Structures are given as structure tokens and as C-alpha cells.
Amino acid sequence: MKMQFSPLPSLPAGLKNGVGFSHHQTIYAGLGSLGNQWLMLDLDAQQAWQEKAAFPGVARNDSVCVPVDGGCYVFSGAGTTAELGYTTVLDDGYYYDCEQDSWSLVTEQIPVGLLGAAGWASEGSLYFVGGYNKSQFDGLMAQLSSPELAQQPELKQATLAEFMSRPIEAYQWNDQIYRFDCVTQQWSRVAANPFQANCGAGVFRSEQGLVLVEGEVKPGLRSLQTKQFQFSDGKLVESGYLPSIFEADSSHEGLAGAFCGEIGDLWVVAGGAYFVGSQNNYRSEQYYSHQGLTKTFTDNLWCFDGCEWQLAGKLPQGAAYGVALTTPYGLALIGGESQQGEAFTQCLLMT
């Protein structure tokens, strides 16, 4: 299958590490490098992005965005509060209403770190899988921002190296599946995650549950698996591995921050970032697996037809950490980050 790319109106500023969702003929995107900006594009008109109600909370990166009928929920992420002055894992969540163009706070008591987690909605509840350990993340950021380390760059680097030089299990990422009742605003634990906890995975949602494609299992190291969760009556009823990209390419290092969405019956995974050599380093017990390695931003475009993954083409350039939105018109690729760290304003429609 040959993929076609057509340009969409550019964003007013570059977007990376943000969120977005699709609602009928419109798409929404914001946060991340756009700060508190929230933008909307009408795909029928394709005139320009329109400024919508600004996000009312602390500006944040890598939140969990869960689409629902009529809007979306945005939970957690990493941001800098005025009280602390350094980046922490945030523990609040908001709902955006498309019709009202308004945000409302729905929780300030997330029970576990959800930075980089994945979410899914069903029958008035949200389900969350994965996420960074809040106490570990906050503790590291407090250390790195301390006056002592600010004046001693070598000590700061040593502190970071010590944090990175640990095996996967030492990071204690969220290994439970949590449910948030949107009506009562109460949390409950659904089940233990049957897979390795991870962050920044590609997400595909269906009526039954969700599929996670790869993502990180520790800083700098990617998962090589595609994992499926199925829920019924608020319970995890089935889980298992699906075919992986690694089975189609044994040199594959895994992906974080890839563009993921659907075109017809195909699942599409495009772009993403990884470190060449990190898998081999970790197998050799070099737990700071990406030390000295350059982050690669790939342009590969993979498609899954229900049986296997196939390399189906290339993006115009390597990119990761943007927003991918499945729409009736095709897969919208919004912003992203380049190999040089630039946040793209470019937006494309893939068909």
C-alpha cells in the first residue's frame, strides 16, 4: 500500500509532547511546547487553526489524553508549579467540552504517577495503564534543581548517571491498572498490569479495550512488544501479546513517541525515537543503556493488517513526540520533534 501525504494548515507555533483528539470533522491539539494553548482545526474548511479556551491548569508535557463523546480528558503530565519551582509529575485531571469550549477540573487526587501513561474510556469510566513513578521523578528533579548541584555540573551529571544506571524494576513504574469513575470521581484498582509497565507507548483504542505498541520500559530503553488489553463490566478479562514489529525487523530497537492511528482497517505506526545499541547494552547489563548513544528519530512507517507488521513507506522526515489523530479523512499528523530537537509547526494528512 502506498501512503499519500497532503499538507494541513500549519500550527501557529511548534508542538511537541502535547496532546490532541479528533471530534467529527474537527481536530484539537495543544499543551506540551504550546504551553496552555488549545487549538482547533476544521478539516472540512482547512482554513487555519483557531484558538480555543486555554487550558486552565499548570502547563504540562506528556499528559494522558482520553477522547470521549463530546470532548476529552487530560490527566497528569509533567509541569513546573509556582510553589516548587521545578518539574514534577502532576496529579490533577481536567475535562474539555467541545460544545461549550470549556475546561473543568475533575480531580486533584490521582493515586499514582500517570506521566507517560495510556488511557481508555468506556461506559462513564476511564482506565489508565503505565506511568512514571511520581516520588522517584519528583525526587530526581528536586536534586537536579538544587543550588548545590547547579554550582557543580560534574556532581549533577554523576547524580543523573546514578539514576540512569539501574535495571528496569528499580524504577517502579505504575504496574497496576486504575479506573476513574467520571460520575463519582472516585478511583479504584482494576487489576495488576500483566505486562512490563511502560510509558510513551503508541495507543490504539477499540470498544473492548486498548493496544499498546512498544514505548519505554525505563529511561532510554524501549519495549519490543505489542500488548492487548480487553475489558468487560469494568474488569480486565483478557490480555496478550500481538505480533511485534521486531518480528518483521530483528534490528528494531523499539519506539517511543511514535505517531499511531488508523487508516481504514490498518493500524499505522510512523516515526518515533530510540537509541541504536540500547537493547544490546541492556542485555549486557549496561543498565545506563543509552549512555553515549545518539537518539534516532526514524522516518519509518509501519502498518499492521491484523496478522503482521510491514514496512509501508517513509515519513517526509524523521519525527517523534507529535500528535496523531484518526479522522474520517485519514490520519492527521500534528507537529512533532525533529532530530535536532526542533518542534514542528507542520501538519500532514496521511491517506
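What comes next concerns the included structure. (Residues numbered from 1 in each chain as written. Predicted model: local features only at pLDDT ≥ 70, side-chain atom pairs only at ≥ 80, totals over all residues. Heavy atoms only, no water.)

**With respect to the overall build of the protein chain**
No. 1: The secondary structure content of the protein chain amounts to five helices and 30 strands.
No. 2: The C-alpha radius of gyration of the protein chain comes to 19 Å, within 12% of the 20 Å expected for a compact globule of 351 residues.
No. 3: Out of the 351 residues in the protein chain, the part that is buried amounts to 54%.
No. 4: Residue pairs at least 24 apart in sequence account for 54% of intrachain contacts in the protein chain once pairs closer than 6 positions are excluded.
No. 5: Split by element, the accessible area of the protein chain, about 15,300 Å² in all, is 45% carbon and sulfur.
No. 6: In the protein chain, 17 positive and 36 negative side-chain charges are present, and the distance between their average locations comes to 5 Å. (Helix = DSSP H or I, 4+ residues; strand = E, 2+ residues; numbered from the N terminus. Rg over C-alpha atoms; globule rule 2.2 N^0.38 Å. Buried < 20%, exposed > 50% of the residue type's maximum accessible area, 1.4 Å probe, protein only. Contact = heavy atoms within 4.5 Å. Areas by Shrake-Rupley, 256 points an atom, 1.4 Å probe, with all protein chains shown as cover. Lys, Arg positive; Asp, Glu negative; His and termini not counted. Charge placed at Lys NZ, Arg CZ, Asp CG, Glu CD.)

**A closer look at the side chain of asparagine 300**
No. 1: With respect to the element layout, asparagine 300 can be found in strand S26 (residues 300–304).
No. 2: Judged by relative accessible area, asparagine 300 falls into the buried class, the value being 17%.
No. 3: Within the structure, asparagine 300 has its side chain in polar contact with the side chain of lysine 314 (distance 2.5 Å).
No. 4: Once residues within four sequence positions are removed from consideration, asparagine 300 is found in contact with Val269, Ala270, Gly271, Leu311, Gly313 and Lys314. (Polar contact = N/O pair within 3.5 Å; in protein donor to acceptor, adjacent residues only side chain to side chain.)

**Brief notes about the layout of surface pockets**
One water molecule sets the probe size; rolling that probe over the atoms shows where empty space is left.
No. 1: Quantified by volume, the second largest pocket comes out at close to 180 Å³.
No. 2: Listing elements by their share of the lining of the second largest pocket, those giving two or more residues are strand S9 (87–89) and helix H1 (134–144).
No. 3: Considering only residue class, the lining of the second largest pocket consists of six nonpolar, two polar and five charged. (1 Å grid on protein atoms, 1.4 Å probe; cavity = no way out; pocket = protein on both sides within 12 Å on 5 of 7 lines; lining within 4 Å. Points joined across faces, edges and corners; volume = space filled by probe spheres on them. Nonpolar A, V, L, I, M, F, W, Y, C, P; charged D, E, K, R; others polar.)

**Brief notes about the side chain of threonine 226**
No. 1: If you trace the backbone, threonine 226 turns up in strand S20 (residues 226–232).
No. 2: A polar side-chain atom of threonine 226 sits 3.4 Å from the main-chain carbonyl oxygen of proline 243.
No. 3: Residues within four places of threonine 226 in sequence aside, it is in contact with Val211, Leu212, Val213, Gly240, Tyr241, Leu242, Pro243, Ser244 and Trp309.

**Examining the sheet that holds strand S11 (residues 102–107)**
Within a beta sheet, neighbouring strands are joined by backbone hydrogen bonds and run either parallel or antiparallel to one another.
No. 1: Read from one edge to the other, the open sheet built from four strands follows the order S6-S7-S10-S11, with strand pairing classed as antiparallel. Two strands bound the open sheet, and with one partner strand each, they are strand S6 (64–68) and S11. Adjacent strand axes in the sheet meet at a mean angle of 25 degrees, parallel and antiparallel pairs treated alike.
No. 2: Sheet topology note: the S6/strand S7 (residues 71–75) ladder contains five bridges and is antiparallel. Along S7, the bridge assignment pairs valine 64 with phenylalanine 75. (Pairing = 2+ DSSP bridges. Axes fitted to C-alpha atoms, helices over the stretch in contact; angles between N-to-C directions.)

**Things to note about the packing of aromatic side chains**
No. 1: Under the definition given, this model contains 29 aromatic pairs.
No. 2: With 5.2 Å between their ring centres and 90 degrees between their planes, phenylalanine 195 and phenylalanine 229 make a pair best called edge-to-face. With phenylalanine 195 in the loop between strand S15 (187–192) and strand S16 (202–205) and phenylalanine 229 in strand S20, this residue pair connects regions lying 34 residues apart in the sequence. The residues phenylalanine 195 and phenylalanine 229 share a single accessibility class, namely buried.
No. 3: Pairwise contacts between aromatic rings join Phe21, Tyr28, Trp38, Phe55, Tyr94, Tyr96 and Trp103 into one cluster.
No. 4: Just above the ring of phenylalanine 163 sits the side chain of arginine 166; from NZ or CZ to the centre is 4.6 Å. (Phe/Tyr/Trp six-rings, centres within 6.5 Å; stacked < 30°, edge-to-face > 60°. Lys NZ or Arg CZ within 6 Å of the ring centre and 35° of its normal.)

**Details of empty space enclosed by the protein**
No. 1: In the structure shown here, the tally under the stated rule is one cavity of 30 Å³ or more.
No. 2: There is about 100 Å³ of room inside the largest cavity.
No. 3: If you go around the largest cavity, the residues you meet are Phe259, Leu315, Pro316, Gln317, Ala319, Leu333, Gly335, Phe344, Gln346 and Leu348.
No. 4: Taken together, the residues of the lining of the largest cavity break down into seven nonpolar, three polar and no charged.

**A closer look at the sheet that holds S16**
No. 1: Pairing in this open sheet of four strands is antiparallel, and the strands run S16-S17-S20-S21 from one edge to the other. The sheet is open, and its two borders are formed by S16 and strand S21 (235–242), each paired with just one other strand. Direction aside, the axes of adjacent strands within the sheet are offset by 20 degrees on average.
No. 2: Direction of pairing for S20 relative to S21: antiparallel, over a ladder of seven bridges. Each residue of the ladder has a partner; that of glutamine 228, found in S21, is glycine 240.

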